[in-house]
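Structural features, examined
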Amino acid sequence: MAEHRAWIEGIGIWAPTLPDWPAACMAWRGGALPPGPGARLPAPGELPPAERRRAPASVALALEAARQAVTASGRPGHELLSVFTSAHGDQPVIDQLCQTLAEQPLLVSPTRFIHSIHNAASGAWSQVHACHRGSTAISAGEHSFAHGLLEALVQCTSQRSPVLLVAFDTAAAGPLAQLVPARAPMAVALVLAAEPLQTEALALDWQVDAGRPAPPTPVHHPVSAALAEHGMAAALPLLEVLAGARPGPVGLPLDPRLTLSLRLQPSASTCHPGG
Amino acid sequence: MPSTPTPTHVSAITVTSAIGPGMRALAEAMKTGRSGLQPLDERPLGQHPPLARLPTWVGRVEGLDTPLPPTWQPWDCRNHRLAWQALQGDGFTAAVQAVVERHGPGRVALVLGTSTSSIGATEDAYRGLAQGEPFPSGKAATRLYSLHALAHFVRAVLGLGGVTQTVSTACTSSAKAFCTAERLLRLDLADAVVVGGADSLCASVLFGFHALQLVSPEPCRPFDRRRQGINLGEAAGFALLERGPGPLQLLGWGESSDAHHMSAPHPQGLGAEQALDQALASAGLDADAIDFVHLHGTATPQNDEVEAALLLRRFSQHTHAASTKGMTGHTLGAAGILGTAFCLQALQTGWMPGTVQTTDPDPAFGGRIALTPRQTEVRVAACHAFGFGGTNCVLLWGRDPAGTAEDADHG
């Protein structure tokens with residue numbers, strides 16, 4: 001299939017031990033995560049006070065990574081299309097909702113119900129930036145990162161527009177932890193553009209290929225290994241390359257027989273955008 | 001800057017909802033104004049009887065008490081039974097098989113919209129746990145108790161191998177799935193896309209909407225002076241979208257965000273109007289060209305007011321405008337595919353639905369809501385879908401506009 005090109009103009013990340021993209025670059029290049037128990041998720045300062053207090057983990061996580069990527073891109077948030085992807089949505093909220101439904105369904109909290117919708121972060125982000133452009137929220141099981149990136153690249157290429165991608169998963173909570181692998185939250189955000197604003201934007205050539213991804217997609221780097229049980233861990237092979245820890249190309253499985261093939265031009269030897 | 005869709009058309013469609021399985025049931029109910037709403041009773045929706053009763057009406061699909069055939073047993077839950085029921089209708093599966101044979105499974109994509117997918121199964125697991133039963137575990141369970149479960153299941157049933165995505169944007173989910181599908185075809189990432197969605201009745205949505213005080217205690221009355229909120233409904237539907245012009249063509253689409261509130265529409269309908277404008281621009285049409293608009297029309301006081309204001313502001317007097325929520329209930333993530341089924345039926349037969357259950361239309365809406373079905377020539381039909389999170393989507397369906405191709409070039 002034909003190869004397309006998009007430009008990466010901003011990168012954001014949040015995990016308890018990786019508060020931003022520069023810290024992540026340093027970790028991947030230095031070979032170890034920063035020591036310590038890690039940070040607490042920052043409150044989404046961009047939301048109005050009442051909503052900030054009530055914002056669930058998924059929204060805080062997604063907004064923090066998005067904030068970093070949009071700032072680094074230099075683009076006004078309201079100009080961006082957006083794609084939010086998550087395998088499991090907000091696990092603490094879904095756990096609490098199902099718990100209440102199993103015991104006293106008439107006591108379901110209206111706020112919790114609203115927060116359980118998969119596009120809660122998408123809606124909150126649109127409000128923060130007064131962005132009226134299209135925003136979507138998708139899921140694709142264990143391949144949610146690759147599909148989110150594909151959807152963002154497809155929108156960027158077909159609509160010739162900058163697109164914000166936000167990929168996030170909270171830690172599993174309650175009994176669902178038996179079924180959901182994430183043991184810690186992580187969010188990754190990219191601003192992708194069809195025409196780059198900045199000279200330091202990274203060109204990303206992409207195509208969908210039939211067949212299994214080529215090696216070396218498996219995670220070998222010690223930092224990636226340490227993050228392997230975080231949400232959105234499927235993003236790690238691409239992050240390693242973006243951080244300059246190893247050269248590309250990267251093949252992200254979209255399912256067992258389809259691969260999203262990615263090549264950075266030139267390969268990321270310096271840790272930007274935003275890093 | 002509106003994007004120009006590549007010509008794509010629906011070559012097969014099927015739906016199931018409270019008015020019955022298949023397009024024939026939909027066509028008959030549309031002509032006669034038959035409603036499928038019924039009082040919410042004590043029959044279980046999953047493995048357990050309801051813990052509390054809600055005084056409301058629902059658009060319940062009958063025939064979902066039978067488990068899936070043995071081959072599909074690991075996928076068994078209400079939402080997949082609903083999807084399975086829909087897949088049996090209208091020769092849809094055979095049409096997909098023909099396309100798979102023509103292009104190969106890897107070139108047939110799947111984009112499904114759902115707001116809650118199989119969460120009813122998760123609710124059952126929590127109820128079971130409270131009664132001392134073990135919580136599910138293992139690989140198969142990981143797939144079933146997931147938002148992507150519906151797409152995973154339908155992909156397996158249809159034998160598809162292309163790009164497979166779940167769109168979950170509340171009540172615009174299956175409408176936005178068509179936008180995603182058109183983009184995949186435009187970039188040649190697929191030769192055909194199965195588009196649709198399914199949402200089934202479950203405790204989350206019944207008690208969640210109840211907590212928001214949006215559930216009507218009587219059959220819902222869209223745009224009625226005495227409207228009191230929604231009736232929840234369930235539906236599944238699938239369409240086969242292929243490249244090229246055709247009699248059931250996706251002429252344009254628009255997607256926008258209110259950027260206003262998580263659960264209330266923008267008071268001036270700003271996002272909804274932007275989605276409409278985008279859809280019209282991408283189709284190269286004026287609002288006057290729309291013969292039929294399938295309104296979102298949920299019957300909540302605020303949603304109907306905002307949508308009726310948009311109708312009065314932008315649509316021509318000749319446009320037949322109706323909501324079908326009084327027939328099917330509000331089917332949430334499936335509303336877009338169900339609305340599309342009504343639009344395509346109108347294009348094929350000229351029959352457009354009335355706004356069933358509504359007897360005393362709100363005088364503020366200027367008599368613009370069609371209460372009874374009507375038959376006339378329908379060339380362009382619009383499908384509205386708006387949802388929580390401030391998400392908006394408008395789809396424009398019509399016959400191959402080959403005769404106006406020169407005009408489209410100027411758009």
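Within each chain, residue numbers correspond to sequence positions counted from 1 in written order. Throughout, the order in which chains and ligands are written sets their labels, letters from A for the former and numbers from 1 for the latter. Two thresholds apply to this predicted model, a pLDDT of at least 70 for residue-level local features and 80 or more for giving and counting side-chain atom pairs, whereas whole-chain, interface and lining totals are computed over all residues. To get the side-chain values, take all heavy atoms of the structure and skip hydrogens and water.

**What to know about helix H6 (residues 149-158) of chain B**
All names here are of chain B. What counts here: Buried means the residue's accessible area, taken with a 1.4 Å probe over protein chains only, is under 20% of the maximum for its type, while exposed means over 50%, and partly exposed covers the values in between. Numbering goes from the N terminus for both helices and strands, where a helix is a DSSP run of H or I of at least four residues and a strand is a run of E of at least two.
Across the 10 residues that make up H6, a large majority, 8, are buried. Looking at H6, one finds that the buried residues are Ala-149, Leu-150, Ala-151, Phe-153, Val-154, Arg-155, Val-157 and Leu-158. At the C-terminal side of H6, Gly-159 shows a positive phi close to 70°.

**Description of the nonpolar core**
We apply this condition: Note on terminology: a nonpolar core comprises buried Ala, Val, Leu, Ile, Met, Phe, Trp, Tyr and Cys residues joined through side-chain atoms within 4.5 Å. Whether two residues touch is decided by their heavy atoms; if any such pair falls within 4.5 Å, the residues are in contact.
If you look at the biggest cluster of nonpolar residues, it comprises 102 residues, and the most contacted ones within it are Trp-28 and Leu-149 of chain A. Ignoring anything within four residues of it in the chain, the contact list for Leu-149 of chain A reads Leu-165, Leu-190, Leu-192, Leu-238, Leu-252, Leu-260 and Leu-262 of chain A. In this structure, Ala-55 and Ala-65 of chain A together with Phe-135 and Val-215 of chain B belong to the second largest nonpolar core, which totals 66 residues.

**Concerning helix H6 (residues 120-128) of chain A**
Residue and element names in this part refer to chain A. Among the 9 residues in H6, 8 count as buried, and that is most of the element. Within H6 the residues assigned to the buried category are Ala-120, Ala-121, Ser-122, Gly-123, Ala-124, Trp-125, Ser-126 and Gln-127. Directly beyond the C-terminal end of H6, a positive phi value near 45° is found at Ala-130.

**Focus: empty space enclosed by the protein**
Note the cut-off: Buriedness of a pocket was judged along seven lines, with at least five required to meet protein on both sides within 12 Å; pockets are open sets of points on a 1 Å grid over the protein atoms alone, cavities are sets where a 1.4 Å probe fits but cannot get out, and lining residues have an atom within 4 Å of a point. Grid points are joined across faces, edges and corners, and a volume is the space filled by probe spheres set on the points. When residue character is reported, Ala, Val, Leu, Ile, Met, Phe, Trp, Tyr, Cys and Pro are called nonpolar, Asp, Glu, Lys and Arg charged, and the others, Gly included, polar.
Taken as a whole and judged by the stated rule, the model has 4 cavities of 30 Å³ or more. A volume near 410 Å³ is recorded for the largest cavity. Elements represented by at least two residues in the lining of the largest cavity include exactly helix H4 (91-103) of chain A together with helix H4 (119-130) and helix H8 (203-211) of chain B. Here the second largest cavity is characterised by a volume of approximately 50 Å³. Lining the second largest cavity we find Ser-58, Gly-89, Asp-90, His-115, Ser-116, Ile-117, His-118, Ala-120, Ala-121 and Phe-168 of chain A. Along the lines of polarity and charge, the residues of the lining of the second largest cavity split into 4 nonpolar, 5 polar and 1 charged.

**Examining the packing of aromatic side chains**
Here the distance between the centres and the angle between the planes together describe a pair of aromatic rings. Short version of the rule: Here a Phe, Tyr or Trp ring, Trp counted by its six-membered ring, pairs with any other such ring whose centre lies within 6.5 Å, and the pair is stacked when the planes are under 30 degrees apart, edge-to-face when over 60, and tilted otherwise.
Considering all chains together, one arrives at 10 aromatic pairs over all chains under this definition. Ring geometry for Phe-113 of chain A and Phe-209 of chain B: centres 5.3 Å apart, planes at 65°, overall edge-to-face. Residue Phe-113 of chain A is found in helix H5 (residues 110-115), and its partner Phe-209 of chain B is found in helix H8; the two belong to separate chains. Summarising the aromatic geometry, the rings of Phe-178 of chain B and Trp-397 of chain B are spaced 5.1 Å apart at their centres and angled 85° between planes, so their arrangement reads as edge-to-face. Of this pair, Phe-178 of chain B sits in helix H7 (residues 173-186) while Trp-397 of chain B sits in strand E16 (residues 391-398), and the two are 219 residues apart along the sequence. Considered together, Phe-178 of chain B and Trp-397 of chain B belong to a single accessibility category, that of buried residues. By the ring-pair criterion, three or more aromatic residues cluster together here, those being Trp-72, Trp-75, Trp-84 and Phe-153 of chain B.

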